[in-house]
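Architecture at a glance
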Amino acid sequence: MSKEIPFVRALDFEYGVVDQVSNGIRRVIAKNPSAFTFYGTGTYIVGKDRVAIIDPGPPDTQHIQAVLDAVRGETITHLVVTHTHMDHSPGCRLLRDECAAATYGFGPHGSGHEDDDVVVEEGGDMEFDPDIVVADNELIQGDDWTLRCVYTPGHTSNHMCYVYEEERALFSGDHVMGWSTSVVSPPDGDMESYMKSLYKLLDEDIATYWPTHGPPITNPLPHVEGFISHRLQREAQILDQLSHGVHRIAEMVPVMYANVDRGLYPAAARSVFAAICYMVKKGKVAVRGELTETAEFRLTGS
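Computed from a predicted structure; not experimentally measured. (Residues numbered from 1 in each chain as written. Predicted model: local features only at pLDDT ≥ 70, side-chain atom pairs only at ≥ 80, totals over all residues. Heavy atoms only, no water.)

1. A closer look at the sheet that holds strand β11 (residues 169-173)
So the rule is basically this: When DSSP finds two or more bridges between two strands, those strands count as paired. Put simply, DSSP H or I for four residues or longer makes a helix, DSSP E for two residues or longer makes a strand, and each gets a number counted from the N terminus. Orientation is described by lines fitted to C-alpha atoms, with helices fitted over the stretch in contact, and by angles between N-to-C directions that extend from 0 to 180 degrees.
With respect to topology, five strands assemble into an open sheet ordered β8-β9-β10-β11-β12, the strand pairing being mixed. The open sheet terminates on both sides in strands that have one partner only, identified here as β8 (139-141) and β12 (208-211). Taking the axes of each pair of neighbouring strands and ignoring which way they run, one obtains an average angle of 25 degrees across the sheet.

Take a look at the structure:
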């Protein structure tokens with residue numbers, strides 16, 4: 001039986017105003033709302049006096065000033081990045097003009113690929129290169145806080161979540177959000193990696209997820225299970241489309257995403273392509289010619 005995703009979308013906040021969202025976490029939301037960022041980028045401040053900033057956000061001077069105002073009289077010691085999309089990491093450069101904190105992350109955009117020749121999509125922050133490269137299960141420690149790195153590639157190849165050990169909380173970036181599923185767009189996005197990263201989170205004992213966009217997820221396990229079920233349903237839809245003679249992604253998307261704004265169809269097509277790439281790898285789907293979004297696909301053996 002498929003599991004529904006228990007979406008959570010309501011959030012009470014004011015742009016540029018810091019909110020104390022838990023004992024050890026503060027949040028400032030950037031005014032960059034969109035179909036992909038929801039209300040905007042939520043920048044998190046962890047700890048007191050000597051603090052870490054997680055996902056400083058876009059290169060928005062007003063947002064960065066709001067973050068600096070929120071920690072006035074304190075010292076920023078760590079700049080921590082979940083991944084290198086333009087709404088997450090560029091703010092590091094503006095903060096570095098005001099503090100001497102080191103940047104932390106898995107690596108530059110596209111660095112999760114074993115093949116260095118993979119060309120990643122435009123829209124990534126190609127300038128970000130962390131001072132400290134972190135790995136799965138590594139600890140980043142401050143005076144009164146500990147972040148444990150959980151490598152979760154899929155949305156991007158360098159996506160890293162962070163467990164705030166003192167509160168059993170997970171900064172989930174764009175890997176798991178409460179308001180929407182994540183776009184997985186090849187070649188940097190990879191559906192096989194994304195699914196493995198979702199299953200990986202099922203083994204974590206976490207009380208609350210704090211995504212970079214949208215409200216917290218206070219019942220994480222059913223949410224992750226719903227995400228997994230959703231992706232498996234998409235695979236079933238693709239197989240159904242192919243069995244009914246629909247062989248191209250552009251023709252599948254209006255059927256599979258009938259209730260979605262047509263303006264989101266290009267992003268939907270990327271996620272369908274990511275799913276098909278994974279299904280080709282598993283031998284469920286065959287491709288005629290080169291594996292591209294515009295290729296013709298068939299059921300294996302047909």
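2. Concerning the pattern of salt bridges
Heads up, the condition is: Salt-bridge detection follows one rule: a side-chain nitrogen of Lys or Arg within 4 Å of a carboxyl oxygen of Asp or Glu. Residue burial is assigned from relative accessible area. The probe radius is 1.4 Å, only protein chains are included, and a residue is buried under 20% of its type maximum, exposed over 50%, and partly exposed in between.
Enumeration over the complete set of coordinates arrives at 18 salt bridges. In this structure, Arg248 and Glu296 form a salt bridge, with 3.4 Å as the shortest nitrogen-oxygen distance. Of this pair, Arg248 sits in the loop between α4 (220-243) and α5 (249-256) while Glu296 is found in strand β14 (residues 296-299), placing the two residues 48 residues apart along the sequence. What makes Glu296 buried here is its relative accessible area of 14%. If you follow the salt bridges from partner to partner, you end up with Arg248, Arg288, Glu296 and Arg298 in one network.

3. A closer look at the packing of aromatic side chains
Just so we agree on the cut-off: Within 6.5 Å between ring centres, the rings of Phe, Tyr and Trp (the latter by its six-membered ring) count as paired, and their orientation is classed by plane angle as stacked under 30 degrees, edge-to-face over 60, tilted in between. Criterion for a charge above a ring: Lys NZ or Arg CZ within 6 Å of the ring centre, and within 35 degrees of the ring normal.
Counted according to the given criterion, the structure contains eight aromatic pairs. With a centroid separation of 4.3 Å and 5 degrees between ring planes, the pair formed by Phe106 and Tyr151 is classed as stacked. Separated by 45 residues along the polypeptide, Phe106 in the loop between β6 (102-105) and β7 (132-133) and Tyr151 in strand β9 (residues 146-151) bring together distant segments of the chain. Three or more aromatic residues link up through ring pairs in this structure, and these residues are Phe13, Tyr15, Phe38, Tyr39 and Trp179. Above the face of the Tyr257 ring, Arg234 is positioned so that its terminal group lies 4.0 Å from the ring centre. The ring of Tyr278 has Lys282 sitting right over it, with the charged end atom 4.1 Å from the ring centre.

4. Looking at unusual backbone geometry
Put simply, Pro186 and Pro187 share a cis peptide bond, and its omega is 10 degrees. Take Pro187: it is sitting in the loop between β11 and α3 (191-201). Of note in the backbone geometry, Phe38 takes a positive phi value of approximately 60 degrees without being a glycine. Relative to the helices and strands, Phe38 is located in the loop between β2 (25-29) and β3 (42-46). A positive phi angle, near 70 degrees, is found at Asp49, a position not held by glycine.

5. Structural notes on the side chain of His230
Threshold: Residues are treated as being in contact if the distance between any of their heavy atoms lies within 4.5 Å.
Its location among the elements puts His230 in helix α4. Setting aside residues no more than four positions away along its own chain, His230 makes contact with Ile5 and Thr181.

6. Considerations on the sheet that holds β2
In spatial order, the strands read β1-β2-β3-β4-β5-β6-β7; together these seven strands make up an open sheet with mixed pairing. Either end of the sheet is taken by a strand with one partner, and the two such strands are β1 (19-20) and β7. Taken together, the three bridges between β3 and strand β4 (residues 50-54) define a ladder with antiparallel strand orientation. Each residue of the ladder has a partner; that of Tyr44, found in β4, is Ile54.

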